[in-house]
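One letter stands for each residue in the lines below.
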Amino acid sequence: MNYSKKILAILMVLALCAAFTACGAQPEATAGSPAQTDSVAADSRVENPSEAESTAQTTEAAAQKDDVQDDMTTEPPSDQNDDSVKPVHVGMIAWSLAMGDEAEFVQAVQSTLSEQYPDQIGEVIVMDSMAEVNQFSLILENLIVRWGDEPGTILIVNGENGFTDETLLQALVRADEAGMQVGVDHAIEGAPDNTFVYDASDAAGCASLIVDNALK
């Protein structure tokens, strides 16, 4: 009988030990399981899909805004300088085109302007005063009226025993009043500041002076 009681007591102790062991193992597995931790994180991500979608849409909208701002910054406005510089009209008044040297010079200047400066030059008008001072004054006035407020340059191609300095000075002052520049083949005392002197032996240089002075 005593032997049976001892066996029963031992079995009860073993049963209690097994129970305690099972209770201690269960919380340890719950707290330290990486599989359960990953599952919780994944569930959290799955539970908030709208938040992820909203973040993606915000990022995309910001990128599109940056692209628009870049385009506005880098793309210059079209036709910005179309009206900033107007082509200059040129009127060449010769003492007499019947003289070979004057006619040749006028033709060379006209060709150079049309070939090398097509964008800077408007219309080019060649007039012959036919060795008449009155005709010269009339031609000058007609050109002033024709171009009005548009930029214009008058080139006086003088000949031997041609226009006097007094006649030229009157023309220079009149053109200055109208806002036009005048080119002459020699310096004239008292000439306005917008008068330039060209070399009658250099047609290309004369054409360049016309353009350079007109764009100042």
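Parameters and conventions
- Residues numbered from 1 in each chain as written.
- Predicted model: local features only at pLDDT ≥ 70, side-chain atom pairs only at ≥ 80, totals over all residues.
- Heavy atoms only, no water.
- Pairing = 2+ DSSP bridges.
- Helix = DSSP H or I, 4+ residues; strand = E, 2+ residues; numbered from the N terminus.
- Axes fitted to C-alpha atoms, helices over the stretch in contact; angles between N-to-C directions.
- Contact = heavy atoms within 4.5 Å.
- Core = buried A, V, L, I, M, F, W, Y, C linked by side-chain atoms within 4.5 Å.
- Buried < 20%, exposed > 50% of the residue type's maximum accessible area, 1.4 Å probe, protein only.
- Lys, Arg positive; Asp, Glu negative; His and termini not counted.
- Salt bridge = Lys/Arg side-chain N within 4 Å of Asp/Glu carboxyl O.
- Parallel < 35°, antiparallel > 145°, perpendicular 65-115°, else oblique.
- Nonpolar A, V, L, I, M, F, W, Y, C, P; charged D, E, K, R; others polar.

Draft legend 1. Broad picture of the sheet that holds strand β5 (residues 195-197). Taken in spatial order, the five strands line up as β2-β1-β3-β4-β5 in an open sheet, and their pairing is parallel. At either end of the open sheet lies a strand with only one pairing partner, and these are β2 (121-128) and β5. Recorded for the sheet is a direction-independent mean angle of 20° between the axes of neighbouring strands. Looking at chain direction, strand β1 (residues 88-94) and β2 are connected through six bridges and run parallel. From the neighbouring strand, methionine 92 faces β2, where its bridge partner is valine 126. Along the sheet, helix α6 (residues 165-177) makes contact with β3 (152-157), β4 (181-184) and β5, crossing β4 at roughly 155°.

Draft legend 2. Just the nonpolar core, in detail. The biggest cluster of nonpolar side chains holds 20 residues, and the ones touching the most others in it are Leu143, Ile154, Ile156 and Val182. Elements with a contribution of two residues or more to this core: α5 (133-147), β3, α6 and β4. The biggest single contributor to this core is α5, with six residues. Val90, Leu155, Val157 and Phe196 belong to the second largest nonpolar core, which has 19 residues in total.

Draft legend 3. Local environment of the side chain of glutamate 102. Here glutamate 102 shows up in helix α4 (residues 100-116). Buried glutamate 102, no salt bridge; nearest opposite-charge side chain is arginine 146, N-O distance 21 Å. Ignoring sequence-local partners within four residues, the contact set of glutamate 102 consists of Ala94, Trp95, Ser96, Val157, Asn158 and Gly159.

Draft legend 4. Quick peek at unusual backbone geometry. Positive phi values are uncommon outside glycine, yet alanine 131 reaches one of about 60°. The topology assignment puts alanine 131 in the loop between β2 and α5. Here the phi dihedral of asparagine 161 falls at roughly 60°; this positive angle occurs in a residue that is not glycine. Along the chain, asparagine 161 falls in the loop between β3 and α6.

Draft legend 5. Local environment of the packing of α5 against α6. Where α5 contacts α6, the axes come no closer than 11 Å and their chain directions differ by 10°. One finds that α5 runs roughly parallel with respect to α6. Residues Val133, Phe136, Leu140, Glu141 and Ile144 of α5 touch α6, and the partners they reach there are Thr167, Ala171, Arg174 and Ala175. The residue makeup of the contact of α5 with α6, split by class, is six nonpolar, one polar and two charged.

These figures come from the coordinates and say nothing about function on their own.
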